[in-house]
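# Architecture and fold: a report
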Amino acid sequence: MYTETLKKLGLTTEQSDIYNILLTQGPLIAHKISLLSNLKRGLTYKTLDQLVDLKLVEKVEKPQKTTVFNPKHPNTLLEVLEQKKKEIQTTTESFKGILGQMSSDFNLLAGKPSIQFFEGLEGVREVLEDSLYTKGEILSYADLESIQKYIPDINAWYVKEREKDQIKKRGLVLDTPFNQDFLSKYNKSITDTRILPIDSEPFYTIVQIYNDKISYITLGEQCIGVIITSKAISDTHRKLFEFVWGMAKKLE
């Protein structure tokens, strides 16, 4: 009577059938469970071992007596459900990590650039997180004052993740007192920064180039992010970056 509900909780059909039998019939030996479930003995034992591992069934062994299997309290199912939720969360995070590259491969195969739009602080975090899956270095034009004003916590998390995975970045910023002070405390082992003359056009948008992608983040009262996946577009921006990088001044 509980089989379908148990299956929805993530149990297999065999696990659901056997737990349902034990829950409604009480403690039983494996032979009896096999008969009631219409499962072969080998599969019955295998499924019982799985249920024991899930802590839904207790295996009672006594000298010179046949092993008996007891159902454990249904509250244990909540623990199973919580574990399933954690597994789904982990799988979701792993999938998000490769989704961008999968989308890139698909769109390159189709010959069409992919454009993704993001909004709000969570959107900004997603755009930055996407660059953490780069296969090489990140090239960036940065608006450090806006970063510190609007997303200091997100940026701290982002830098920590880059440090953990040793993801290198080359960045271009304007030669301002704020930027000089900010960069004096920055981890130079993973970030090489050069500065442009103060009279250069200011950066109103953070730009990052990595893999076959280029991302834009505009910060303010309304935060907006865009990721474009296109080898041609990213290669063009990469060449422009290298040109400007060659003219920029090294940080003292």
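Here, the structure is the one placed above.
Residues numbered from 1 in each chain as written. Predicted model: local features only at pLDDT ≥ 70, side-chain atom pairs only at ≥ 80, totals over all residues. Heavy atoms only, no water.

With that out of the way, let us pick up the overall build of the protein. From N to C terminus, the protein includes 10 helices and 11 strands. At 28 Å, the protein has a C-alpha radius of gyration far larger than the 18 Å of a compact globule built from 252 residues. The buried share of the protein, reckoned over its 252 residues, is 41%. For the protein, the computed accessible surface area is about 15,000 Å², with 55% contributed by carbon and sulfur atoms. For the protein, the separation between the mean place of its 34 positive charges and that of its 34 negative charges on side chains is 8 Å. (Helix = DSSP H or I, 4+ residues; strand = E, 2+ residues; numbered from the N terminus. Rg over C-alpha atoms; globule rule 2.2 N^0.38 Å. Buried < 20%, exposed > 50% of the residue type's maximum accessible area, 1.4 Å probe, protein only. Areas by Shrake-Rupley, 256 points an atom, 1.4 Å probe, with all protein chains shown as cover. Lys, Arg positive; Asp, Glu negative; His and termini not counted. Charge placed at Lys NZ, Arg CZ, Asp CG, Glu CD.)

The next thing to look at is a nonpolar patch on the surface. Residues Phe95, Ile98, Leu99 and Met102 make up a contiguous nonpolar surface patch of roughly 360 Å² in combined accessible area. One can find Ile98 in helix 5 (residues 76-110). (Patch = residues over 30% accessible without salt bridge, like charges linked within 9 Å, V, L, I, M, F, W, Y side chains within 5 Å. Salt bridge = Lys/Arg side-chain N within 4 Å of Asp/Glu carboxyl O.)

An α-helix turns once every 3.6 residues. As a result, residues three or four positions apart point the same way. Across its 12 residues, helix 6 (residues 120-131) extends 18 Å between first and last C-alpha, which sits within 8% of the 16 Å expected from 1.5 Å per residue. Taken together, the buried positions of helix 6 are Gly123, Val124, Val127, Leu128, Glu129, Asp130 and Ser131. (Expected span 1.5 Å × (residues − 1).)

Let us now look at the nonpolar core. Counting residues in hydrophobic clusters, the biggest one holds 26 residues, and the most contacted among them are Val124, Leu128, Leu144, Ile151, Ile217 and Leu219. For this core, the secondary structure elements donating two or more residues are helix 6, helix 7 (144-150), helix 8 (152-165), helix 9 (177-184) and strand 8 (206-210). Per-element tally for this core: the top contributor is helix 8, with 4 residues. If near-sequence neighbours (up to four positions away) are discounted, Ile217 is found in contact with Val124, Val127, Leu128, Thr205, Ile206, Ile224 and Gly225. Ranked by size, the runner-up nonpolar core spans 17 residues in total, among them Leu11, Tyr19, Ile21 and Ala30. (Core = buried A, V, L, I, M, F, W, Y, C linked by side-chain atoms within 4.5 Å. Contact = heavy atoms within 4.5 Å.)

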